[in-house]
Amino acid sequence: MKGKLITFEGTDGAGKTTQINLLKEYLTEKGFDVVLTREPGGTTISEKIREILLDKNNTEMKDKTEVLLYAAARAQHVLEKIIPALNEGKIVISDRFFDSNIAYQGFGRGIGEETVFEINKFALCGIMPDLTFFLDASPKTGLKRKINEKNHTLDRMEKESETFHERVYEGFCTLCDKYPERIKRIDAIDDIESIHKKIIQQTEKIL
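Note that the structure is predicted; figures quoted are calculated from it, not measured. (Residues numbered from 1 in each chain as written. Predicted model: local features only at pLDDT ≥ 70, side-chain atom pairs only at ≥ 80, totals over all residues. Heavy atoms only, no water.)

### Observations concerning the packing of aromatic side chains
Each pair of aromatic rings is reported with the distance of its centres and the angle of its planes. One pass over the structure, following the stated rule, counts 6 aromatic pairs. For the pair tyrosine 104 and phenylalanine 164, a centre-to-centre distance of 6.2 Å together with 55 degrees between the ring planes defines the contact as tilted. Here phenylalanine 164 lies in helix H7 (residues 162-178) and tyrosine 104 lies in helix H4 (residues 98-108), a separation of 60 residues in the sequence. Note on accessibility: tyrosine 104 and phenylalanine 164 belong to one class, buried. Ring geometry for phenylalanine 134 versus phenylalanine 172: centroids 5.2 Å apart, planes at 25 degrees, classification stacked. Residue phenylalanine 134 is found in strand E4 (residues 131-136), and its partner phenylalanine 172 is found in helix H7; the two are separated by 38 residues along the sequence. Phenylalanine 172 shares its class with phenylalanine 134; the two are buried. Taken together, Tyr104, Phe134, Phe164, Tyr169 and Phe172 form an aromatic cluster joined through their ring pairs. Here arginine 74 stacks its cationic end above the ring of phenylalanine 97, 5.5 Å away from the centre of that ring. Directly above the aromatic system of tyrosine 179 lies the positively charged group of arginine 182, at a separation of 5.5 Å from the ring centroid. (Phe/Tyr/Trp six-rings, centres within 6.5 Å; stacked < 30°, edge-to-face > 60°. Helix = DSSP H or I, 4+ residues; strand = E, 2+ residues; numbered from the N terminus. Buried < 20%, exposed > 50% of the residue type's maximum accessible area, 1.4 Å probe, protein only. Lys NZ or Arg CZ within 6 Å of the ring centre and 35° of its normal.)

In structure tokens, the structure reads:
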């Protein structure tokens, strides 16, 4: 495949959206064809699954159901949007991808890293990110930012316990240590421009 897949990860409220938009602007000015997307979501079917997953009223959802719904959304996303864009030589930037599944369901839900990976093998179709940015902000800091956002209502995942979010954070940290060549850990508490510069430096290496 001629294109590149760049993903952004982090706890809720880490500032991913801001940095994704800045990177898109930078790459577009450089002449690259950039596709922005997100998980769960990115396609009509995947967005409908997202609504089910994040609906705060779906409190009865079981952990196994949750992990399978994320995998289903990813399969549609990968096949319908990501693979065609990569084949056309585009740069795909995704707000969350497979690593979030590992952190949230593998660690947060206690399903286990290996189990989540095995479930998602079929959905990934052999696709893995060329580069991943983990914007490192503590769960307390991230959720505080979310709560302070204007007109923001916490979704089903955001409303989980502090202990759950701590396990998710530990999961992300474990992945950073395990895949240092792919996952670049960046302090999300730093100022926006400094974070952007670090992201550009790493992105240039894979282009």
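### Quick notes on helix H5 (residues 113-124)
Between its first and last C-alpha, H5 extends 15 Å over 12 residues, near the 16 Å set by a 1.5 Å rise per residue. Of all the residues in H5, the buried ones are Glu113, Val116, Asn120, Ala123 and Leu124. Buried residues of H5, viewed axially, fall in a sector of 80 degrees; they line one side. Counted as exposed and oriented over 90 degrees from the buried face of H5: Glu114 and Phe122. On the buried face of H5, the contacting elements are helix H3 (63-87), H4 and H7. Immediately beyond the C-terminal end of H5, within one or two residues, lies cysteine 125, with a positive phi of roughly 55 degrees. (Expected span 1.5 Å × (residues − 1). Arc of directions from axis to C-beta. Contact = heavy atoms within 4.5 Å.)

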